[in-house]
Amino acid sequence: MTSTNEELLQAETLDRESCPAELPLSSGFRQGLAWITAVGSAIVLLDLMVFRPLCPPARGQTGCFSIGGDAAGVFVMARLMAWGNGLASPIAYELAGGISAPFVGKPPAVVTYLAGVLWLGERPLLVRALIFLVVGALVAWFIRHRVAQPVRRVAEVAVPILVVVSLLAGNPSLLARVALSALALGAIPIVGLLGRRLVDERTGLVAAFLAAVVPAVWVNATMMNVETLYVVALPLVLLATLRAADRPEPLRFVQLGGAMLVLSFTRLEGVALAALLLAGLVMAARTPSLGRRLLLAGLSLAIVAVPLVGWSALNNARFKGGTGVSIGGGSVLWSGACDKVTYGEFKGFWTLCTPETTISERIPLTEAVDDLVLVPGYAEAVMDPDNPVLSHAMERPERTATTPVASVELVRAEYDKLSGFLPDGSRGVGIWVDDKPVVDPDLILEPGQHLLVHANPVSGFSEVELDAGATARALRYYGERMDDLPLLGAARVGRAMGVYRPNQTAQLETLVEGRESWQAWAGVISWWVMAPVAVLGAVQLRGRRPIWPFAAVTVLVVLVIAASLGIPRYRLGLDVVACVLVAVPLVRWWSQRQPTLSVLGPLQGEGTDDDANETVRDR
C-alpha cells in the first residue's frame, strides 16, 4: 500500500471515529431541521404578507416594501433577461426608449436565477408542467442511489413549486420576491449542517434555529438583493471547507470549488474569500502530503477560475475594455467618497456623492467637467445634441419591465430634477454652474464659479467607462485625505457593528435601506447579544475543531466594510458565522444543566470524564 493510500485510510478511520458529522444524519436531526426550516418559512411569510407587503414606491413610506434601488435593478434586469435581452442596463432600457445596453452592475448569479423563475412564470401552464416533469425526472434519476423513493421525494418538492409559480404567474413582482425569499430559506438547513459538521447534531439544530429567527438573516431574505443568495452561498462554502479539511479527497474539493464558484458569482469579495480558504486548507492541514494538498487546492481553484476567466473574457468583448465578473465597485467606493459621509454626523454611512468644485482659474467648461468626473470626453458627449442615446432620454420603452410596485417613476422625477431645465424649457444634461443648468460646450468658466456634475445614466458611455471614472474620483478623494482614512474606516465598521451612532444608523436603515424601524433595531440588538457569545464559542472550539475559516470570513467582512460602506447588511457574513459559533456555548450550557438529554455526546474533543479525555489523547 502506498503512503498516500495509507494517509487516506488513516484519515477516513479517524473521521468515522472522532467526527460525528461523518456518520449518517439521524432521523431526529432531519426532523428537527425540517421543523426549524418551517419556522423560518413562517417568519419570512409574515414579513412578505404582514410586516412588509408590496406597495408602490413612495418617499418616506413605512409598513410596506416597494421594489426600488438595488431590488429594482435586480428585478428589471431579470425580466429583461427572461425576455431574451441578456444582461442589459435597467436604467438605459427604461429611461432611453428601450435601448438594450450591456450591463453587469449586478453579479449574475441572482439575476440569472430570478430570470429563470420569471421566464417559467410567463410560459403556459402545460409548458411549465412539462418542464417540471422533465427536470424532476432527471433529478430523481440522479439521486436514485442516494435517496429512498426518489420520485416521491422529488414530487414533494416540485409540485408545490409548480403550484406557487402558477398561482403567482400573473404577478411577477410578488413571484420574484417569493422566489428570492424561498432561495434564502436554504440558508437554514445549510447552517444546521454546518453546525453539525463543526461540532455535533445538537449544535447544528441550535445554529439552524438561530439562522431562522435572527433578524439580520430573514429580513435580508425578502429584500430582493444579492444578499438573498449570499446568505446561502456563504455557509455552503464554509460547510464544504470543513468537509474538505476533515477528509481531503478529490470529490470534496470539487464540491468546494462549486460552492466557491456560486459565491464568487454572487458577491465581488467571494473570489478573495475563496483564495483565503484554499490557502488555509493548504497551510493548516497536516495530511495528506503538501504536494497532494496543493493539487487538491488547485482542483478547487480551477473550478472557480475557469468560469470566471471565461465570463470576464465575455465581458471584455461586450464592453471593449477591461472588466471582470461584475462592475460596481467604483460606484460603491464613490458612494462613500464625499465630505457628507466622511466627516460630520453621517460619517461612515453612504450617500449619492456628486462631483463638484470651485473653479480656481479660467478654464473651458468641457475641460473642467472632464477633469472633475474623470471620464475622458464626457462633457462633449453629453452636450452633443446628436448623442444617439441621450437624444432618447425619458422616452418610454414599448414594453416596460417595471410594475406598479417596481416603478421607475421616482427615478424619472429624480432624473428631471438633476438634469434641470434650460430657459427655453429643454432638459439639461446634469451639468450645473452656479446652480444653473448649462449645455454650452464653448462656455469659459471664471474663477470662483461653482461647478457641479450629476452623472448622466443615459450619456451613451459604457458602464465600464462610468465605473472607472467613479473609481478614479474615489481614489483621488481618498488620496487627498490619507490621514483621515483610519478614523473613517473605524466609523464604517462601527456603524455596521452597531456600536457607532446605532440610533442614527437604524433610522437611516429605515429611510434609505427599506427596513422597518423595529427590524433595524432588532438586528442591532440581536448582534449585540450574539457577538460576545460567538467569541466565547470560538474560544471553546480553539484547538478542537478548525475555526480559521470563520476567522477568514470575519477578517474579510471587516476589511470590506472599512474600505467601502458602513451599512449593517454588509455585516451579513458575520451574522451567519455568529449563528454557528453562538450555538456552541449554548449547547454546552444546556448539556451541563440537562445531562440526561445529551443524547449525542460531548463537544468534539471535549470529554465529560477522565476516560473520555484519555480516549481523545490516545487518538
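Residues numbered from 1 in each chain as written. Predicted model: local features only at pLDDT ≥ 70, side-chain atom pairs only at ≥ 80, totals over all residues. Heavy atoms only, no water.

Visitor: How should the pattern of salt bridges be read in this particular structure?
Guide: Pairs can form between side chains of opposite charge once their charged atoms are near each other. The full count for this structure, using the stated rule, is 24 salt bridges. The salt bridge involving Glu-22 is made with Arg-252; its shortest N-O contact spans 2.9 Å. Of this pair, Glu-22 sits in the loop between α1 (3–18) and α2 (27–51) while Arg-252 sits in helix α13 (residues 250–264), and the two are 230 residues apart along the sequence. Overlapping salt bridges bring together Glu-22, Arg-197, Asp-246, Arg-247, Glu-249, Arg-252 and Arg-545 as one network. (Salt bridge = Lys/Arg side-chain N within 4 Å of Asp/Glu carboxyl O. Helix = DSSP H or I, 4+ residues; strand = E, 2+ residues; numbered from the N terminus.)

Visitor: Where do I start with the sheet that holds strand β4 (residues 436–437) in this structure?
Guide: One key point about sheets: their strands pair by backbone hydrogen bonds, in either a parallel or an antiparallel sense. Across the sheet, which stays open at both edges, the four strands sit in the order β1-β6-β3-β4 with antiparallel pairing between neighbours. The outermost strands of the open sheet, each flanked by one partner alone, are β1 (356–358) and β4. Two elements, β1 and strand β6 (residues 450–453), share three bridges in a ladder whose sense is antiparallel. Considered in β6, the bridge of Thr-357 is made with Leu-451. Running over the sheet, helix α18 (residues 365–373) touches β1, β3 (431–433) and β6 and is turned about 60° from β6. (Pairing = 2+ DSSP bridges. Contact = heavy atoms within 4.5 Å. Axes fitted to C-alpha atoms, helices over the stretch in contact; angles between N-to-C directions.)

Visitor: Sorry, what's going on with helix α24 (residues 517–541) here?
Guide: Helical geometry: 3.6 residues make up each α-helical turn, so side chains three or four residues apart lie on a common side. In this model α24 runs 36 Å from its N-terminal to its C-terminal C-alpha over 25 residues, within 8% of the 36 Å that 1.5 Å per residue would give. Where α24 bends most, at Met-530, the angle is about 25°, and the proline Pro-532 comes one to four residues later. The set of residues buried in α24 consists of Gln-519, Ala-520, Gly-523, Val-524, Ser-526, Trp-527, Met-530, Ala-534, Gly-537, Ala-538, Gln-540 and Leu-541. Positive phi appears at Gly-543, one or two residues downstream of α24, with a value of about 80°. (Expected span 1.5 Å × (residues − 1). Bend = angle between axes of the 7 residues up to and from the residue. Buried < 20%, exposed > 50% of the residue type's maximum accessible area, 1.4 Å probe, protein only.)

Visitor: What's the story with unusual backbone geometry in this structure? I'm lost.
Guide: Most of the time, phi is negative for any residue but glycine, and the peptide bond is trans. For Asp-434, which is not glycine, the phi torsion reads 55° and is therefore positive. Take Asp-434: it is sitting in the loop between β3 and β4. Even without being glycine, Arg-501 reaches a positive phi, approximately 50°. Position of Arg-501 relative to the elements: it lies in the loop between α22 (485–497) and α23 (502–513).

Visitor: I would appreciate a short explanation of a nonpolar patch on the surface in the present structure.
Guide: Side chains of Leu-45, Leu-46, Met-49 and Val-50 sit close together on the surface and give an oily, nonpolar patch of about 380 Å² of accessible area. Classification of Leu-46 by relative accessible area gives partly exposed; the value is 41%. (Patch = residues over 30% accessible without salt bridge, like charges linked within 9 Å, V, L, I, M, F, W, Y side chains within 5 Å. Areas by Shrake-Rupley, 256 points an atom, 1.4 Å probe, with all protein chains shown as cover.)

Visitor: I'm lost on the pairing of β6 in this one. Help?
Guide: Sheet faces and side chains relate simply in a regular strand, where the side chains alternate between the two faces. Sheet analysis places β3 next to β6, joined by three bridges and oriented antiparallel. Bridge pairing in β6 links Trp-432 to Leu-452.

Visitor: So what exactly am I meant to see when it comes to the side chain of Thr-342 here?
Guide: In this structure, Thr-342 sits in helix α17 (residues 339–342). Among the polar contacts listed, one links the side chain of Thr-342 to the backbone oxygen of Cys-338, at a separation of 2.9 Å. Side-chain polar atoms of Thr-342 contact the side chain of Tyr-477, separated by 3.3 Å. Look past the residues within four positions of Thr-342 in its chain and what remains in contact with it is Gly-336, Lys-347, Tyr-477 and Leu-488. (Polar contact = N/O pair within 3.5 Å; in protein donor to acceptor, adjacent residues only side chain to side chain.)

Visitor: I would appreciate a short explanation of the state of the cysteines in the present structure.
Guide: Here a disulfide denotes a covalent bond joining the sulfur atom of one cysteine to the sulfur atom of another. With the rule as written, the count across this model stands at two disulfides. Paired by a disulfide, Cys-55 and Cys-64 hold their sulfur atoms 2.1 Å apart. Taking the sign of the torsion about the S-S bond as the criterion, the disulfide between Cys-55 and Cys-64, at about 70°, is right-handed. Accessibility expressed as a relative area gives 10% for Cys-55, which makes it buried. The class of Cys-64 is buried, set by a relative accessible area of 17%. Here Cys-338 connects covalently by a disulfide to Cys-353, the sulfurs 2.1 Å from one another. (Disulfide = S-S within 2.5 Å.)

Visitor: What is the right way to look at the confidence of the model for the protein chain in this model?
Guide: Close reading of the predicted structure is inappropriate where its pLDDT is low. A residue-level look at the protein chain finds 91% of positions with pLDDT of 70 or above and a mean pLDDT of 87. Under a pLDDT of 50 for its full length, residues 1–5 has, in the predicted model, three contacts with residues more than four places off or in other chains. Confidence drops under pLDDT 50 across residues 7–17; counting only partners more than four residues distant or on other chains, this segment forms 15 contacts. (pLDDT = per-residue confidence, 0-100.)

Visitor: Help me understand the packing of aromatic side chains, please; the structure alone is not making it clear to me.
Guide: Aromatic ring pairs are reported here in terms of the distance separating the ring centres and the angle at which the planes meet. Evaluated as defined, the whole model comprises nine aromatic pairs. Geometrically, the ring pair formed by Phe-51 and Trp-218 is tilted, given 6.2 Å between the ring centres and 45° between the ring planes. Separated by 167 residues along the polypeptide, Phe-51 in helix α2 and Trp-218 in helix α11 (residues 215–221) bring together distant segments of the chain. Accessibility expressed as a relative area gives 26% for Phe-51, which makes it partly exposed. Judged by its relative accessible area of 7%, Trp-218 is buried. Aromatic side chains Phe-349 and Trp-350 sit 6.4 Å apart centroid to centroid with 25° between the ring planes, which places their arrangement in the stacked category. On the basis of relative accessible area, Phe-349 is assigned to the buried category, the value being 3%. Judged by its relative accessible area of 23%, Trp-350 falls in the partly exposed class. A connected cluster of aromatic rings, assembled from ring pairs, spans Phe-51, Trp-218 and Trp-518. Over the ring of Tyr-230 we find Arg-267, and its NZ or CZ is 4.4 Å from the ring centre. (Phe/Tyr/Trp six-rings, centres within 6.5 Å; stacked < 30°, edge-to-face > 60°. Lys NZ or Arg CZ within 6 Å of the ring centre and 35° of its normal.)

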